[in-house]
Amino acid sequence: MRDVVLRANGIGKNYRKTRALNDINFTVYRGDICGIIGRNGAGKTTMLKIFSGLITNYDGSYEMLGVKDTEAERVRFRTGSMIDTPSFFAELTAYENLMYFCIQKGVADELKVDYILRVTGLAEDKNKKFKAMSMGMKQRLAIAFALMDEPELVFLDEPSNALDPMGISSMRELFRQLNSEFETTFVISNHILTELYSVANRFIILDKGKIIKQLTKTELKEQCKRGLYIRCDDVKKTTLVLENELGLYDYKIADENRLIIYRFSDTSEIVKNLVYKNIRIYGVQETGISLEDYYKSVLEEQG
């Protein structure tokens, strides 16, 4: 049985008359990279602030690393987070800022500072003062801070903001490496599904403070992959032709008159063989949508 590292139980949050989060329920297992996808204002940051201990007034409850939220401070040292931009010292360098926070956390290890600066791409800028850094450098430093003391569970709120394409790519590789080598669990928010798709194995779609869809990467692929939609008079006979005559086994039966064929190369060849076997075809249509189109369609269903 997989080890649960985070479980939300009916989490809700009000900001005066606005319901920012409503009845949030989900589970994150050790080794997951869980992507929280939602447009601006969906409630992503509020949710991560609750789990990170930055918001303490909320409805519902959560469990984290084996303890209830009322005892979460006991295990907070085993987590890392980047919510908004941390307050670094403007006059201190990247190296000095991280050393300060290391000492504050009781991790006075210069080798760890050098390592995290290297893997986040800041080694060459370690002696640059924070006030002189670009937005991309500041974002890297914030991520370095979140990963500083080798946390088991990491919360990252839109970590690719302000990073250039090379920076985004290197961060993806870093998250994958930590996840693979140390089974570090990540909960990462973003408003771009394609960005999360490259690293996450599970997805939670959030809109207007509610979870409207939860699915695995395999399920998301299934929703988006290219297929040939066929409506016919005899689905069972059609599947026999597909398997025995055309060697096609990757299909899904929708109902007694419809099926979708995946991993096909020639639509006309399929139709020709079905007609030859006296199967009446009522309609043929290629399906398949992009990740972003799928995401938009899920949001549009909500109105």
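The structure presented is a predicted model; accordingly, all values stated were derived computationally and were not measured.

1. A closer look at the sheet that holds strand β1 (residues 4–15)
Taken together, the four strands give an open sheet; going across it, the order is β2-β1-β4-β5, and neighbouring strands pair in antiparallel fashion. The open sheet has two free edges, formed respectively by β2 (18–29) and β5 (67–68), since each of these has just one partner strand. As paired elements, strand β4 (residues 59–64) and β5 share two bridges and run antiparallel to each other. Looking at the pairing, Met 64 lines up with Val 67 of β5. Sheet contacts for helix α1 (residues 44–51): β1, β2 and β4; angle to β2, the most-contacted strand, approximately 60°.

2. Describing the sheet that holds strand β7 (residues 153–157)
With respect to topology, six strands assemble into an open sheet ordered β6-β7-β8-β3-β9-β10, the strand pairing being mixed. Where the open sheet ends on each side, the last strands, each with one partner, are β6 (79–82) and β10 (210–216). Direction aside, the axes of adjacent strands within the sheet are offset by 15° on average. Of the strand pairs in this sheet, β7 and strand β8 (residues 185–190) are connected by five bridges, and their pairing is parallel. Residue pairing for β8: Leu 156 is matched across the bridge by Ile 188. Seen against the sheet, helix α4 (residues 135–147) touches β6, β7 and β8 and runs at an angle of roughly 165° to β6.

3. Focus: empty space enclosed by the protein
Inspection of the entire model under this criterion finds one cavity of 30 Å³ or more. Taken as a whole, the largest cavity holds about 110 Å³ of empty space. Residue lining of the largest cavity: Pro 159, Ser 160, Ile 168, Met 171, Arg 172, Phe 175, Ile 188, Ser 189, Asn 190, Glu 195, Leu 196 and Val 199, and that is the complete set. Taken together, the elements giving at least two residues each to the lining of the largest cavity come down to α5 (165–182), β8 and α6 (193–197). Residue contributions to the lining of the largest cavity peak at four residues, all from α5.

4. Some points on the side chain of Asp 125
Within the secondary structure, Asp 125 sits in the loop between α3 (110–119) and α4. Judged by relative accessible area, Asp 125 falls into the buried class, the value being 19%. In this structure Asp 125 touches Ala 94, Met 133 and Met 137, once residues within four positions along its chain are discounted.

5. Considering unusual backbone geometry
Generally, phi is negative for residues other than glycine and the peptide bonds are trans, each holding for most cases. Positive phi is not limited to glycine here, since Ala 162 has a value of about 75°. Checked against the element boundaries, Ala 162 lands in the loop between β7 and α5. We note that Lys 208 has phi near 50°; this positive angle belongs to a residue other than glycine.

Conventions adopted
Sequence order as written defines the numbering, with residues in each chain counted from 1. A pLDDT threshold of at least 70 governs which residues receive local features in this predicted model, and a stricter bar of 80 or more applies before side-chain atom pairs are shown or counted, although totals over entire chains, interfaces and linings include all residues. Excluding hydrogens and water, the side-chain values take into account all heavy atoms of the structure. Strands are labelled as partners when DSSP assigns at least two bridges between them. Each helix corresponds to a stretch of at least 4 residues labelled H or I by DSSP, and each strand to a stretch of at least 2 residues labelled E; elements are numbered beginning at the N terminus. Contact criterion: two residues are considered in contact whenever any of their non-hydrogen atoms come within 4.5 Å of each other. To get an axis, a line is fitted to the C-alpha atoms, and for a helix only the part in contact is used. The angle between two axes follows their N-to-C directions and goes from 0 to 180 degrees. Of the two site types, the cavity is a set of points on a 1 Å grid over the protein atoms alone where a 1.4 Å probe fits but cannot get out, and the pocket is an open set with protein on both sides within 12 Å along at least five of seven lines, each lined by residues with an atom within 4 Å of a point. Grid points are joined across faces, edges and corners, and a volume is the space filled by probe spheres set on the points. Summary of the burial criterion: residues with accessible area below 20% of their type's maximum are buried, those above 50% are exposed, and those between are partly exposed, where the area comes from a 1.4 Å probe applied to protein chains only.

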